[in-house]
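Structural description and commentary
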Amino acid sequence: MSNTKTIALADDHILLRDGLAGLVTKLGYEVLFQADNGQDLMNKVAEGAIPDLVLMDINMPIKDGYETTSWLKKYYPDVKVLALSMYDDEHAIIRMLRSGARGYILKDSEPSELRAALEAILHKGFHYSDMVTGKLLHSIHQMDEEEGSASPLQGLNPREEEFLKYASTEMTYKEIADRMNLSPRTIDGYRDSLFEKLGLKSRVGLVLFAIKHGIVRI
């Protein structure tokens, strides 16, 4: 049985999609299927064609990338999403990450960046490029201006801050547990406790919080 990771492509531009499929194959992955839009991808996945990762365009007819990524996150959480877009605007990046995307790269990126993003997401869980990091930092500065100087850090204990530092790296939760000499269940408890304390719902939210409050620096 092959261990080759499977990739699905969702993009309504056929020529670009076909070229991308060829590149993905050259990088050593199997293209499981191509979809013309989000609804087409949903149908194929629901019928049993479940890829390891989806290269997801944002602007598509019928179902766009935001809605399709949210659907995958809800019903097929093990399917990872890498957003692929012509747009580098902050709103699109933040919205896709909140929808469940594990990374975001531009369509004019070099093949080496696509390879790095695919490898990072499949093996580490997420990929933050310099472009995405810059947009996140700008968003954080805006949050600072809107929220004032109040800080919720007083409610965190040292172990929770330590967990936040590791959660802001590309380490998996299992690797974090090993580094902190704790069980995976205890790490899950830290994560869920922080979600509740900080009013967050995702690892992206934890990373944003850690950067914003100086727990980690980029």
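Here the structure is shown first, and the text comes after it.
Structure report, in brief. (Residues numbered from 1 in each chain as written. Predicted model: local features only at pLDDT ≥ 70, side-chain atom pairs only at ≥ 80, totals over all residues. Heavy atoms only, no water.)

This brings us to the side chain of Arg-17. Among the secondary structure elements, Arg-17 is positioned in helix H1 (residues 14-26). Look at Arg-17 and you get buried, because its relative accessible area is 7%. Those residues in contact with Arg-17 that sit more than four places away from it in its chain are Leu-9, Asp-11, Gln-34, Ala-35 and Asp-36. (Helix = DSSP H or I, 4+ residues; strand = E, 2+ residues; numbered from the N terminus. Buried < 20%, exposed > 50% of the residue type's maximum accessible area, 1.4 Å probe, protein only. Contact = heavy atoms within 4.5 Å.)

Our next topic: the sheet that holds strand S2 (residues 30-35). With respect to topology, five strands assemble into an open sheet ordered S2-S1-S3-S4-S5, the strand pairing being parallel. Of all strands in the sheet, those bounded by a partner on one side alone are S2 and strand S5 (103-106). This sheet shows a mean twist of 20° between the axes of neighbouring strands, independent of strand direction. Inspection of the sheet shows strand S3 (residues 53-56) paired to strand S4 (residues 80-85) by four bridges, in the parallel sense. Considered in S4, the bridge of Leu-55 is made with Leu-82. Contacts from helix H2 (residues 38-46) reach strand S1 (6-10), S2 and S3 within the one sheet, and its direction differs from that of S2 by about 130°. Contacts between helix H5 (residues 111-124) and the sheet are confined to S1, S3, S4 and S5, with S4 contributing the most and set at about 160° to the helix. (Pairing = 2+ DSSP bridges. Axes fitted to C-alpha atoms, helices over the stretch in contact; angles between N-to-C directions.)

Another point: a negative patch on the surface. On the surface, Asp-88, Asp-89, Asp-108 and Glu-110 cluster together to form a negatively charged patch. Taking the relative accessible area as the measure of exposure, Asp-88 reaches 38% and is therefore partly exposed. (Patch = residues over 30% accessible without salt bridge, like charges linked within 9 Å, V, L, I, M, F, W, Y side chains within 5 Å. Areas by Shrake-Rupley, 256 points an atom, 1.4 Å probe, with all protein chains shown as cover. Salt bridge = Lys/Arg side-chain N within 4 Å of Asp/Glu carboxyl O. Lys, Arg positive; Asp, Glu negative; His and termini not counted. Charge placed at Lys NZ, Arg CZ, Asp CG, Glu CD.)

Applying the stated criterion to the full structure yields one cavity of 30 Å³ or more. Size it by volume and the largest cavity reaches roughly 30 Å³. Forming the boundary of the largest cavity are Leu-9, Ala-10, Asp-11, Arg-17, Leu-20, Leu-55, Asp-57 and Leu-84. A breakdown of the residues in the lining of the largest cavity according to their chemical character gives five nonpolar, no polar and three charged. (1 Å grid on protein atoms, 1.4 Å probe; cavity = no way out; pocket = protein on both sides within 12 Å on 5 of 7 lines; lining within 4 Å. Points joined across faces, edges and corners; volume = space filled by probe spheres on them. Nonpolar A, V, L, I, M, F, W, Y, C, P; charged D, E, K, R; others polar.)

With 10 of 10 residues buried, helix H10 (residues 203-212) is to be regarded as a mostly interior element. Looking at H10, one finds that the buried residues are Arg-203, Val-204, Gly-205, Leu-206, Val-207, Leu-208, Phe-209, Ala-210, Ile-211 and Lys-212. Immediately beyond the C-terminal end of H10, within one or two residues, lies Gly-214, with a positive phi of roughly 75°.

Before going further, it helps to spend a moment on the packing of aromatic side chains. Applying the stated rule across the entire model yields four aromatic pairs. Where Phe-163 meets Tyr-173, the ring centres are 6.2 Å apart and the plane angle is 15°; that geometry is what we call stacked. Of this pair, Phe-163 sits in helix H7 (residues 158-167) while Tyr-173 sits in helix H8 (residues 173-179), and the two are 10 residues apart along the sequence. Through a chain of ring-to-ring contacts, the aromatic side chains of Trp-71, Tyr-75 and Tyr-76 assemble into a single cluster. The side chain of Arg-191 reaches across the aromatic face of Tyr-173, ending 5.2 Å from its centre. Directly above the ring of Tyr-173 sits Arg-203, whose terminal nitrogen or CZ lies 4.9 Å from the centroid. (Phe/Tyr/Trp six-rings, centres within 6.5 Å; stacked < 30°, edge-to-face > 60°. Lys NZ or Arg CZ within 6 Å of the ring centre and 35° of its normal.)

Further remarks concern the environment of Arg-98. Along the chain, Arg-98 turns up in helix H4 (residues 90-99). Taking the C-alpha atoms as reference points, Arg-98 and Arg-203, separated by 105 residues in sequence, lie 9.6 Å from one another.

The next subject is the pairing of S1. The element S1 is extensively covered by neighbouring structure, given that five of its five residues are classed as buried. Pairing analysis gives five bridges linking S1 to S2, with the strands arranged parallel. Pairing of Ala-8 across the sheet is with Phe-33, part of S2. Crossover connection from S1 via H1 to parallel S2: handedness right-handed. Both S1 and S3 contribute to a ladder of four bridges, which runs parallel. By the bridge assignment for S3, Ala-10 is matched with Met-56. (Right-handed = clockwise from strand over helix to strand, strands pointing away.)

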